[in-house]
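In case you want the letters, here they are:
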Amino acid sequence: MVTSTGAVAPAGRRPGGTARSIARSLLSNQQFMLLVALAALVAYFTARAPVFLSSGELANILTDFCSLILLGIGETYVIASGGIDLSVGSAASLSGVVGAFAMRSLLGSRQSEALVLFVGALVCVGIGLAIGLTNAALINWARLVPFVATLAMLGGAAGLAIVISNGEPIGLDPRAISLTTARLGPFSYPSLVVIAIIAACWLSLHFTRYGRYTFAIGSNEFAARAAGIDVRKHATSVYALSGALAGLTGMFLYMRLGSGAPTAGLNDELQAIAAVVIGGASLYGGVARMSGTVLGTLIITTVTSGLIISNVQANWDQVAVALLIAVAAATQALRPARKG
Amino acid sequence: MSIVGGAVLYEAVRVSKSYGSVEALLDVDFALHAGEVVGLVGDNGAGKSTLVKVLSGVHAPDSGTLVLEGVERRWSSPHEALAAEIETLYQDAGLAPHLSIGANVFLGREILRPGLLGRLGFMAQRRMDKAALHELAQVGIEIQGDRRTVADLSGGQRQAVAIGRAVAWARKVLLLDEPTNHLGARQALEVLEVIRKARDRGLGVVFISHTLPHVLQVCDRIVVLRLGRVVRDAPTSVFDAESLLGTITGLLEAS
């Protein structure tokens, strides 16, 4: 028996009964600390402007959340697999513009509103999927590094969105606006879709073989390949998923603005990446948490809305997000890497 | 070519492989029998790891053929070689550090949950964790059960997990690239014992090491590579430490 070789001692520190060790394990639990940070932010902004906790403002935050979280979810997969996707913001813009063209022409031909929305969503997801597959082809076949491939796509999609729309928002048909505000109780349709997608992706990333392969590739690509995983195929599906979710985000942006604006998703990729990093992911791959991304997105949207409501000049939110990333990265460096 | 009796299990015939202008392997013949440990030795850059990667399906050879149990095979991916029951321990590169021990042992072979959940890809994680420790114990590697990641283990413990995984899954051919790296003297001897047991189970084992005493202790036959060519292929009994070193460096031409 290779007892000495393999003797892995049982985990040394067990959560003892003392309050101190409980406090220590809570403090080292990133998810808990993110919740604390979120609660502190909400308390702070409410103290500055009590209207922050009004249902109208919370609905605004939820809307912001819905148009950012899908980008963050896609980015979580990509970053867990050791890649990066800089194109999601402009992919959302381009999808929204193309979807708006499609919906406008359908509205013109007097189709039912539900059908128009459905086709619009399909077109948006299709455009996003095509962008994601193009990224995957550039990365897995043309062998560009993900940063360069998706940076090129960022420029390409953003440019294309402006060119085909002439720089003008597409839509603004009163009927188009009316059909984007449908609600089911307190929930808008996008928020219901978002809740379902969060649940499915959380399960998929942390409990299925698909998620396991995603982490394995990000942790050690050679080991994944040697274990028989088809790395190219899996990485392709990850970028395709990120693109498709960006496309759906384009539809949400359209529903929110009532038009497909060519700059609707501008800089959203940076916010999405920030949310993933704040949520505890490592940009080196192999480490990410879906719950962390959700909390990170909530924190970013809370800060952005809170600053607006407290009458801080709008551009300060970028500085605040930068600070959040710095704090998240710093606390991450103090802790050993955790498994995804 | 056969020195140990019995049919050839796995064979490379006149295999060549170059990286750009570097000829890593040149017309290499290499044969492995069931129930045999073959040592593959040579200086850095002699082509040992390249030969392992050709045998395990990571690299396709530029020319030459691979023959498994009398049938010519062409691997387009490591997955195909694995499916043909060729198991490999790669030097320092076989584990995913962010994954748990159980996840690493079952990487690429995940056990899924029964029923609909399994068809959706949901894994039976607890079952895998348990089975992983059992599999490792079966091949003589004791690991206390916990769900730490491989990154949290020491170098020796990681190596033990990597060896255990390869040995546990091996059914025909076992390729071990530097399995005694990162191990203390006594731990290394225990690994050699694990290798002997694998041979006694009827596996064909290829053992690569820079530690010549280990090679002399555990191997039935030794193949010496120099600058991508096989310069000697002989039973271990014809070598002693000095003559083996001389053959590797080329200072002592094989007589």
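The coordinates are above.
Quick summary incoming for the structure in this document. Here the structure is a predicted model, which is why all the values come from computation and not from measurement. (Residues numbered from 1 in each chain as written. Chains lettered and ligands numbered in written order. Predicted model: local features only at pLDDT ≥ 70, side-chain atom pairs only at ≥ 80, totals over all residues. Heavy atoms only, no water.)

## Here's the deal with the overall build of chain B
What chain B contains, in helices and strands, is nine helices and ten strands. Its C-alpha atoms give chain B a radius of gyration of 19 Å, within 12% of the compact-globule value 18 Å for 255 residues. Principal axes of the C-alpha set define a box for chain B whose edges measure 60 × 40 × 35 Å. A buried classification covers 54% of the 255 residues belonging to chain B. Long-range contacts, defined here as pairs at least 24 residues apart, represent 64% of the contacts in chain B between residues at least 6 apart. Taken as two groups, the 27 positive and 29 negative side-chain charges of chain B have centres that lie 7 Å from each other. (Helix = DSSP H or I, 4+ residues; strand = E, 2+ residues; numbered from the N terminus. Rg over C-alpha atoms; globule rule 2.2 N^0.38 Å. Buried < 20%, exposed > 50% of the residue type's maximum accessible area, 1.4 Å probe, protein only. Contact = heavy atoms within 4.5 Å. Lys, Arg positive; Asp, Glu negative; His and termini not counted. Charge placed at Lys NZ, Arg CZ, Asp CG, Glu CD.)

## Regarding unusual backbone geometry
Unusually for a residue other than glycine, Asn267 of chain A sits at a positive phi of about 65 degrees. Inspection of the secondary structure assignment puts Asn267 of chain A in the loop between strand E4 (259-260) and helix H13 (268-278). On the basis of relative accessible area, Asn267 of chain A is assigned to the partly exposed category, the value being 38%. Non-glycine residue Arg14 of chain B carries a positive phi angle of around 45 degrees. Structurally, Arg14 of chain B is set in strand E1 (residues 8-19).

## Here's the deal with the pattern of salt bridges
Residues and elements named next belong to chain B. On inspection of all chains with the given rule, the structure shows 13 salt bridges over all chains. Of the charged contacts in the structure, one is a salt bridge between Arg14 and Asp27, with a shortest N-O distance of 3.4 Å. One end of the pair, Arg14, is in strand E1; the other, Asp27, is in strand E2 (residues 22-33), with 13 residues separating them in the sequence. For Arg109, the salt bridge identified is with Glu87, shortest N-O distance 2.8 Å. (Salt bridge = Lys/Arg side-chain N within 4 Å of Asp/Glu carboxyl O.)

## Considerations on the sheet that holds strand E10 (residues 229-235) of chain B
All names here are of chain B. Read across the sheet, six strands follow the order E6-E7-E8-E3-E9-E10 without closing on themselves; strand pairing throughout is mixed. With one partner strand each, in any of the chains shown, strand E6 (86-89) and E10 form the two edges of the open sheet. Adjacent strand axes in the sheet meet at a mean angle of 15 degrees, parallel and antiparallel pairs treated alike. Here strand E3 (residues 36-41) pairs with strand E9 (residues 221-226) via four bridges, running parallel. When the sheet's bridge partners are listed, Val38 is paired in E9 with Arg221. Along the sheet face, helix H6 (residues 155-169) touches E6 and strand E7 (173-177) and points at about 175 degrees away from the line of E6. (Pairing = 2+ DSSP bridges. Axes fitted to C-alpha atoms, helices over the stretch in contact; angles between N-to-C directions.)

None of this, on its own, says anything about what the molecule does.
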